[in-house]
Amino acid sequence: MAVDSAISSPLGPPACEKDAKALRFIEEMTRNADSVQERVLSDILTQNSQTEYLRRFKLNGVTDRDSFKSKLPVITYENLQPEIQRIANGDRSAILSAHPISEFLTSSGTSAGERKLMPTIKEELDRRQLLYSLLMPVMNLYVPGLDKGKGLYFLFVKSETRTPGGLLARPVLTSYYKSEHFKTRPYDPYNVYTSPNEAILCPDSFQSMYTQMLCGLQDRHQVLRVGAVFASGLLRAIRFLQLNWPQLSQDIETGTLNQKVTDPSLRECMGKILKPDPELARFVRHECSKESWEGIITRIWPNTKYLDVIVTGAMAQYIPTLDYYSGGLPKACTMYASSECYFGLNLNPMCKPSEVSYTIMPNMAYFEFLPHDPNSAGFTRDSPPKLVDLVDVEIGKEYELVITTYAGLCRYRVGDILRVTGFHNSAPQFHFVRRKNVLLSIDSDKTDEAELQKAVENASRLLREFNTSVVEYTSYADTKTIPGHYVIYWELLVKDAANSPTDDVLKQCCLAMEESMNSVYRQGRVADNSIGPLEIRVVKNGTFEELMDYAISRGASINQYKVPRCVNFTPIMELLDSRVVSTHFSPALPHWTPERRR
């Protein structure tokens, strides 16, 4: 029931006093976005004034925007790599941040094939927790009664490592789930999970998924929302149920836990939760043994009001499959965040995926925006970019996000391209367009054109002894399979038909491509099971000429035509698939270990 209108919010009537406070905070921050930004920049520059990085650019303790912008360059990860490497190797001096670097957050973007290391400080956890605390008060404006049940969320920790200097390096969500902020969070009736902490924190992905699914099935009538971080993760959970429902229903029937779950703390925890329920076991068997899995989410969890998953950017490719399994349930994208910084939240979380806009919270970091022109060659030392402040962006224009954080990133290009869709008070709202330069993505992997080119070159060496070469290639991310996988179309020039490459050789080409991919891709294949085996589809000779003819017939210039290295336009994919003469899949897993290469 909504609280008294005297503490209502312009966003809508809050569900409780705690929500009212959160909504008032959002209003205050967004109404005063520019002054908040000014204060944030001043705080960051004051706090870090004696760092080696700021002293290098002779800021001399000044904290005003004009001095900051005139003295500090706009940078990328590669510019910071020497400093980050020193910190990773154990240098504890104030290089980027006056506060000690507490750990590194590993980005899903890569540099030289390895995950990027983003420095962070302890107080950033408070800032991230603050943003999380705003999500449910906003959601409660749109979906009443979420305090009357639970959320079935598939949340996982990923592998972590230590740098040579002893600092932890791990994904930002793993850092959060392992923090006391998460593990000892106060009870909130609007934010109760079916999964116990022990299941979320179990490092073995099978045992974690198995017990989270088991708890979700046991609480099926209490589940009001189903989610994962990314759409791909939720689809993996559905696929897991498809493969493991006989064992899960057996556990439910007998009240005993599958012997494959060996983690002692998890077995102890599940021992207190599991109770024999033959009727539920019969129901699960009946639903899961049906030929069609259409609407399976609402069949098993009938009170589900929405899916809580990211379906923007590369994740939009999963929307049709989610619709199939959920019967078209609304999909809520609640927040926008990365390893570098948490940015903002969606103030209209029940909108259509294509209309999702995130409101940047001006207290999270200092934000600048680089006008994005896809046709521009970029900027040079002689023509530095003119960056725009948060409140000065223009509706309809696209920008690349540039951040300055408390942890010591200064004027750092994140690589996200955003389009301004409007304003909430004086804070702009952005539609996430894409990650810059990303060609292929299935889960958290991001493969760019240079990486794909290198992988094709490495794999094509295996064809030399057959006097065969790759004439042309393109690719796409096939998300109809679960997990999704990369598909590479090859047109081959075979000079000796009697000695053409065999199926085994082309399978080895698939594996050679996977070995060439970055560490995020290989981890997805090996440890997370979030990416399926790479597939090469060999097409008839002349296929890529037909592709060019088709593009020219649609108005492309013959002089400027370039073979697209990634395709997703249905007529082009149909043309390619109609010319396939053979298909080959990677026969093994590529090499991957949690340790970073030295």
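Residues numbered from 1 in each chain as written. Predicted model: local features only at pLDDT ≥ 70, side-chain atom pairs only at ≥ 80, totals over all residues. Heavy atoms only, no water.

Asker: I'd like to hear about the pairing of strand β3 (residues 150–154), residue by residue, with values.
Answerer: Counted residue by residue, β3 has four buried out of five residues, so it is predominantly covered. Sheet analysis places β3 next to strand β6 (residues 223–230), joined by five bridges and oriented parallel. Note on β6: the bridge partner recorded for Tyr 153 is Gly 227. (Buried < 20%, exposed > 50% of the residue type's maximum accessible area, 1.4 Å probe, protein only. Helix = DSSP H or I, 4+ residues; strand = E, 2+ residues; numbered from the N terminus. Pairing = 2+ DSSP bridges.)

Asker: Which residues make up the sheet that holds β6, and what values go with them?
Answerer: Read across the sheet, four strands follow the order β3-β6-β7-β8 without closing on themselves; strand pairing throughout is parallel. With partners counted over all chains shown, the strands left at the sheet margins are β3 and β8 (331–332), one partner each. Summarising the sheet, β6 and strand β7 (residues 306–310) pair through four bridges and their orientation is parallel. Bridging across to β7, Phe 230 finds its partner in Ile 310. Helix α10 (residues 205–218) contacts β3 and β6 of the sheet and is inclined by roughly 160 degrees relative to β3. (Contact = heavy atoms within 4.5 Å. Axes fitted to C-alpha atoms, helices over the stretch in contact; angles between N-to-C directions.)

Asker: Just give me the short version of the UniProt feature "domain: GH3 C-terminal" (unreviewed entry) in the protein, but keep the residues and values in it.
Answerer: In the numbering used here, UniProt assigns the feature "domain: GH3 C-terminal" (unreviewed entry) to residues 451–569. In the segment residues 451–569, helix accounts for 36% and strand for 22%; the C-alpha atoms at its two ends are 22 Å apart. (UniProt positions renumbered as here; feature names shortened; annotations may be inferred.)

Asker: Give a detailed account of the domain arrangement of the protein, specifying residues and quantitative values.
Answerer: By the assigned domains, the protein splits into domain 1 (17–121 + 338–376 + 386–435), domain 2 (144–304) and domain 3 (438–585). On the domain 3 side, the residues contacting the nine residues of domain 2 number 10 residues. Viewed at the interface, domain 3 and domain 2 are joined by two salt bridges. A salt bridge links Lys 158 to Asp 528, with the nearest nitrogen and oxygen atoms 3.2 Å apart. Put simply, domain 2 and domain 3 have three residue pairs in polar contact (both at pLDDT 80 or more) between them. The element best represented in the side of domain 2 that touches domain 3 is helix α11 (residues 231–254), accounting for five residues. Taken together, the residues of the side of domain 2 that touches domain 3 break down into two nonpolar, four polar and three charged. (Domains from an automatic or database assignment. Salt bridge = Lys/Arg side-chain N within 4 Å of Asp/Glu carboxyl O. Polar contact = N/O pair within 3.5 Å; in protein donor to acceptor, adjacent residues only side chain to side chain. Nonpolar A, V, L, I, M, F, W, Y, C, P; charged D, E, K, R; others polar.)

Asker: If you had to explain the nonpolar core to someone new, which residues and values would you point to?
Answerer: Counting 166 residues, the largest nonpolar core has Leu 241, Phe 367, Trp 490 and Met 513 as the members making the most contacts within it. Examining the composition of this core, we find that 10 residues originate from one element, α11, more than from any other. Filtering out sequence-adjacent residues up to four positions away, Leu 241 remains in contact with Met 213, Leu 217, Leu 248, Cys 288, Trp 293, Ile 300 and Trp 301. Judged by nonpolar contacts, the second largest core, of 14 residues, contains Val 539, Val 563, Met 573 and Leu 575. (Core = buried A, V, L, I, M, F, W, Y, C linked by side-chain atoms within 4.5 Å.)

Asker: Quick one: what's the story with the pattern of salt bridges, residue by residue and with numbers?
Answerer: Any two side chains of opposite charge can pair if their charged atoms end up close together. Using the criterion set out here, one finds 40 salt bridges in the structure. For Glu 546, the salt bridge goes to Arg 579, with nearest N and O atoms at 2.5 Å. Pair noted here: Glu 546 is in helix α19 (residues 543–553) and Arg 579 is in the loop between α20 (570–578) and β22 (580–585), with a separation of 33 residues, a long-range link. Among the residues examined, Arg 579 registers a relative accessible area of 23% and is labelled partly exposed. Salt bridges sharing partners connect three or more residues here, namely Asp 34, Arg 65, Lys 69, Glu 368, Asp 389 and Arg 411.

Asker: Hey, could you go over the packing of α11 against helix α15 (residues 319–326) for me, with residue numbers and the actual values?
Answerer: Here α11 crosses α15 at 45 degrees, and the two axes come no closer than 10 Å. Taken together, the axes of α11 and α15 are oblique relative to one another. Taken as a pair, α11 and α15 cross one another with a handedness that is left-handed. Packed against α11, whose contacting residues are Ala 231, Leu 234, Leu 235, Ile 238 and Gln 242, the element α15 presents Thr 321, Leu 322 and Tyr 325 at the interface. (Parallel < 35°, antiparallel > 145°, perpendicular 65-115°, else oblique. Left-handed = near helix turned anticlockwise from the far one by under 90°.)

Asker: Pulling in residues and values, what's your account of the environment of Pro 189?
Answerer: Checked against the element boundaries, Pro 189 lands in the loop between α8 (180–183) and α9 (197–201). We classify Pro 189 as partly exposed; its relative accessible area is 30%. Separated by 40 residues in sequence, Pro 189 and Gly 149 have C-alpha atoms that sit 8.0 Å apart. Ignoring sequence-local partners within four residues, the contact set of Pro 189 consists of Leu 146, Asp 147 and Gly 149.

Asker: Tell me about the sheet that holds strand β10 (residues 342–345), and name the residues and values.
Answerer: Read from one edge of the open sheet, eight strands run β9-β10-β11-β16-β15-β14-β12-β13, paired in antiparallel fashion. Sheet topology places β9 (335–337) and β13 (388–389) at the edges, where each strand pairs with a single neighbour. Bridging between β9 and β10 involves three bridges; their strand directions are antiparallel. Following the sheet pairing, Ala 337 is matched in β10 by Tyr 342. Most of the contacts of helix α2 (residues 33–47) go to strand β12 (residues 366–371), to which it runs at about 110 degrees, and overall it touches β12, β14 (398–404) and β16 (427–435). Here helix α6 (residues 123–142) sits on the sheet in contact with β9 and β10, set at roughly 15 degrees to β10.

Asker: I'd like a description of the side chain of Ser 516, backed by residues and values.
Answerer: By the element assignment, Ser 516 lies in helix α17 (residues 503–516). Residue classification places Ser 516 among the buried residues on the basis of a relative accessible area of 10%. Within the structure, Ser 516 has its side chain in polar contact with the side chain of Asn 458 (distance 2.9 Å). Residues within four places of Ser 516 in sequence aside, it is in contact with Lys 454, Ala 455 and Asn 458.

Asker: Give a description of unusual backbone geometry that names residues and reports values.
Answerer: Negative phi is the rule for most residues except glycine; trans is the rule for most peptide bonds. Here the residue pair Ile 482 and Pro 483 is connected by a cis peptide bond, since its omega of -5 degrees sits within 30 degrees of zero. Following the sequence through the fold, Pro 483 ends up in the loop between β19 (468–478) and β20 (485–494). The phi dihedral of Asn 60 falls on the positive side, at around 55 degrees, and the residue is not glycine. Counting through the fold element by element, Asn 60 comes out in the loop between α3 (52–56) and α4 (65–71). Asn 60 sits in the exposed class, given a relative accessible area of 68%. Although it is not a glycine, Arg 411 sits at a positive phi angle of roughly 55 degrees. Residue placement: Arg 411 occurs in the loop between β14 and β15 (412–424).

Asker: Any details on the packing of aromatic side chains? Residues and values, ideally.
Answerer: In total, this model carries 21 aromatic pairs according to the counting rule given. Ring geometry for Phe 68 and Tyr 366: centres 5.8 Å apart, planes at 85 degrees, overall edge-to-face. Here Tyr 366 lies in strand β12 and Phe 68 lies in helix α4, a separation of 298 residues in the sequence. For the pair shown, Phe 68 and Tyr 366 are each scored as buried. Across the ring face of Phe 182, the terminal group of Arg 185 is positioned such that the distance to the ring centre comes to 4.1 Å. One residue, Arg 220, lies across the ring of Phe 283, its end atom 3.6 Å from the ring centre. (Phe/Tyr/Trp six-rings, centres within 6.5 Å; stacked < 30°, edge-to-face > 60°. Lys NZ or Arg CZ within 6 Å of the ring centre and 35° of its normal.)

Asker: An account of α15 is needed here, citing residue identities and associated values.
Answerer: Ile 319, Thr 321, Leu 322, Tyr 325 and Ser 326 are the residues of α15 that are buried. Within α15, the buried residues cover an arc of 160 degrees as seen down the axis, which keeps them to one side. Its buried side turned inward, α15 meets α11, α14 (296–300), β7 and β8. Once α15 ends, the next one or two residues include Gly 327, with phi positive near 70 degrees. (Arc of directions from axis to C-beta.)

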